[in-house]
Amino acid sequence: MSKPESAVADLASIEVAGISRGAFLVKSALAVGAVYGTAAVGPFVGQAFAQSSGGDVDILNFALTLEYLEADFYKRGQKLGLSSDVKALAAEFGDHESQHVDALTQTIQKLGGTPAPMPKFAFPFKDEASFLKLAQTLEDTGVGAYNGAGPSIQSKEVLAAAGSIVQVEARHSAAIRLQNNATPAPGAFDQALDMQTVLEAVKPLIKS
Amino acid sequence: MKQNAQQDPGLESAGALEELARDPSSRRRFLKLMGGGAGAAGALSVFLAACGGSNSSSGTTGGAAAGTTMGTSTTSSMGGDVDIVNYALTLEYVEADFYKEVVSSGLFSGPQLDLIKAIGEHEQQHVQALEQTVGKLGGTPAPKPTTKFPLDDAKSVLTLAATVENLGAAAYLGQADKIQSPEILAAALSIHSVEARHASALNSLLGIDPSPDGAFASGASMDEVLPQVKPFIVS
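Residues numbered from 1 in each chain as written. Chains lettered and ligands numbered in written order. Predicted model: local features only at pLDDT ≥ 70, side-chain atom pairs only at ≥ 80, totals over all residues.

Asks: Got a minute to help me understand the overall build of chain B in this structure?
Replies: Scanning chain B from terminus to terminus reveals 9 helices and 0 strands. Listing every helix and strand of chain B by position from the N terminus yields α-α-α-α-α-α-α-α-α. Across the 235 residues in chain B, those meeting the buried criterion constitute 52%. A separation of at least 24 residues holds for 71% of the contacts in chain B among residues at least 6 apart in sequence. (Helix = DSSP H or I, 4+ residues; strand = E, 2+ residues; numbered from the N terminus. Buried ≥ 20, exposed ≤ 12 C-beta atoms within 10 Å, placed from the backbone. Contact = placed C-beta atoms within 7 Å.)

Here it is, written out as structure tokens:
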């Protein structure tokens, strides 16, 4: 039942290592350049805030980071004691995200870019319910991220690939929402999220 | 009307369509296939006659599209985005009508009815948004078709709903890389993912995989989609 805006708000309330995201950001911001300037969250973040003309490669690296996150999320989630339906879903969707990682990595390389390295993630779930809740948030965020980035993509081939992926993320989201007894399609139009909003929202899940 | 909802209306014409897509002189045959033909007043045929009915690159993943140059140049020379929006509008008219009839059929109750009502409400909003968009582009909205659907029992209706939504998602995806305006693309993307949600939810209700194409969804071309919609359009 979370709209994209509240998907971002949901992420905002996540605690990482015992501190809230708000506190996390403040602490980070106190260190010079820690939040945006360093390699702490991967080179693409630096690119996102630098005046680079990386265009499609930047967007693809943004997507790649989200896919790394989702793939790792489902991988770790399968280590929880999940009911058979949810376990099967986690396995299938995690496999999809891994394929997305591979496809995006290859596309970036084909474009002559450097794929962002995989960050280390920390996911604050402890049981099936919290896993499913975060899954819904992550998938909704992914849909918003791809829809937000789509119109900026220059290459028609890359756009087609992004479209092919976002449809699957939306399918994931709907299936997970049904598991959560939430409405599979919260609105008639899925809202686009801008890159900056998404990056800030997922940062608490990125350990290094 | 009574019709076997399990029948795939597109199958018999798939081979013929490929031939038609590659042969521009067969466009009149294509229009006839769609129930139009020169001079026919049907909604779909008016739309197709206006834009040539050829948008033949199929699939959006992997290798080179199979589209003909004829198809591409015809589409772009005819105010591409208006045609694409009208194509989407036609599909949304069909979907909106379908759900209105399903809701009135009395075949559903409880949470399934709630889902169907919600989906139908979305399609109606899509119709309104796309009508406005065509207007903003200075185009003429596609005429609203008269539709008919088989409504025999809950299971076959759900199956048809899933078919239609999966087709709709593929249709939007098939057009994504053809849209010229970033604003129109943003609108299309915001609808595309919602159709995917609908499809996934209906698939799940039916015990079908929520993502039958796997990790990468496949787009469908106008040539692939329209024949599958035609059986539901009376005029």
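Asks: Hey, could you run me through the interface of chain A and chain B in this one?
Replies: Size of an interface: often given as the accessible area lost when the parts come together. Tallying the contact residues gives 31 residues for chain A and 32 residues for chain B. Breaking the side of chain A that touches chain B down by element, the ones donating at least two residues are α5 (84–110), α6 (128–149) and α7 (156–179) of chain A. Top element by residues in the side of chain A that touches chain B is α7 of chain A. It accounts for 16 residues.

Asks: What is the right way to read helix α5 (residues 80–105) of chain B from this model?
Replies: Since the α-helix packs 3.6 residues into each turn, any two residues three or four apart lie on the same face. Residues and elements named next belong to chain B. The terminal C-alpha atoms of α5, which comprises 26 residues, lie 38 Å apart, in line with the 38 Å expected from a rise of 1.5 Å per residue. Burial analysis of α5 places 21 of its 26 residues in the buried class, which makes it a mostly covered element. Backbone geometry just downstream of α5 places G106 in the positive-phi region, at approximately 75°. (Expected span 1.5 Å × (residues − 1).)

Asks: Would you mind showing me how to read the environment of L159 of chain A here?
Replies: By the element assignment, L159 of chain A lies in helix α7. Looking at L159 of chain A, the number of C-beta atoms within 10 Å reads 24, which means it is buried. Spatially, the C-alpha atom of L159 of chain A lies 9.7 Å from that of Y146 of chain A, the residues being 13 residues apart in sequence. The residues touching L159 of chain A, leaving out its near neighbours within four places in the chain, are G150 and I153 of chain A together with A176 and D177 of chain B.

Asks: When you look at the environment of A175 of chain A in this model, what are you seeing that I'm missing?
Replies: As for its placement among the helices and strands, A175 of chain A is situated in helix α7. You can call A175 of chain A buried: it has 25 C-beta atoms within 10 Å. Remark: the alpha-carbon pair of A175 of chain A and L89 of chain A, spanning 86 residues in sequence, is separated by 8.5 Å. Every residue in contact with A175 of chain A, bar those within four places of it in the chain, is listed here: L89 of chain A together with S200, S204 and P210 of chain B.

Asks: Even after reading the chapter, I still don't get unusual backbone geometry, so can you show me in this structure?
Replies: Glycine aside, negative phi is the norm for most residues, and most peptide bonds take the trans geometry. With a phi close to 55°, N181 of chain A is a non-glycine residue in the positive phi region. Considering the arrangement of structural elements, one finds N181 of chain A in the loop between α7 and α8 (195–202).

Asks: How should I be thinking about the nonpolar core in this particular structure?
Replies: Inside soluble globular proteins, nonpolar side chains tend to come together where they are buried. If you look at the biggest cluster of nonpolar residues, it comprises 106 residues, and the most contacted ones within it are A63 and A162 of chain A together with A176 and A188 of chain B. In this structure A188 of chain B touches Y172, Q175, A176 and I179 of chain B, once residues within four positions along its chain are discounted. (Core = buried A, V, L, I, M, F, W, Y, C linked by C-beta atoms within 7 Å.)

Asks: Just to check I follow, could you spell out the packing of helix α4 (residues 55–77) of chain A against α6 of chain A for this structure?
Replies: To characterise two packed helices, one gives the angle between the axes of the helices and the distance between these axes. Residue and element names in this part refer to chain A. One way to put it is that α4 packs onto α6 with a least axis distance of 11 Å and a crossing angle of 165°. By the criterion of interaxial angle, the relationship of α4 to α6 is roughly antiparallel. Every pair of crossing elements has a handedness; the one defined by α4 and α6 is left-handed. For the pair α4 and α6, the contacting residues are I59, F62, A63, L66, E70, F73 and G77 in the first and F131, L138, G142, A145, Y146 and A149 in the second. Looking at the contact of α4 with α6 residue by residue, the classes come out as 10 nonpolar, 2 polar and 1 charged. (Axes fitted to C-alpha atoms, helices over the stretch in contact; angles between N-to-C directions. Parallel < 35°, antiparallel > 145°, perpendicular 65-115°, else oblique. Left-handed = near helix turned anticlockwise from the far one by under 90°. Nonpolar A, V, L, I, M, F, W, Y, C, P; charged D, E, K, R; others polar.)

Asks: What am I meant to see in the confidence of the model for chain A here?
Replies: Low pLDDT means the predicted coordinates in that region are not meant to be read closely. Residues at a pLDDT of 70 or more form 75% of chain A, whose mean pLDDT is 83. The model gives residues 15–53 of chain A a pLDDT under 50, and that stretch makes 46 contacts with residues more than four places away or in other chains. (pLDDT = per-residue confidence, 0-100.)

Asks: Would you take a moment to explain the environment of G148 of chain A for this structure?
Replies: All names here are of chain A. As for its placement among the helices and strands, G148 is situated in helix α6. C-alpha of G148 to C-alpha of D95: the two residues are 53 residues apart in sequence and 24 Å apart in space. Ignoring any residue separated from it by four or fewer positions in sequence, one finds G148 in contact with A192, L193, D194 and M195.

Asks: When you look at the packing of α4 of chain A against α5 of chain A in this model, what are you seeing that I'm missing?
Replies: Residue and element names in this part refer to chain A. Interaxial distance between α4 and α5 falls to 8 Å at its minimum, and their mutual angle equals 155°. Comparing the axis directions of α4 and α5 gives the class roughly antiparallel. In the packing of α4 onto α5, the handedness of the crossing is left-handed. Across the interface between the two elements, V57, L60, N61, A63, L64, E67, Y68, E70, A71, Y74, K75 and G77 from α4 touch A90, F93, G94, E97, S98, H100, V101, L104, T105, T107 and I108 from α5.

Asks: Even after reading the chapter, I still don't get the confidence of the model for chain B, so can you show me in this structure?
Replies: Residue and element names in this part refer to chain B. Summary statistics for chain B give a mean pLDDT of 78 and a share of 67% for residues scoring 70 or more. Of the regions scoring below 50 in pLDDT, residues 1–43 engages in 68 contacts with residues more than four places distant in sequence or in other chains. Both scores are given for the predicted complex: the pTM is 0.76, the ipTM 0.79.

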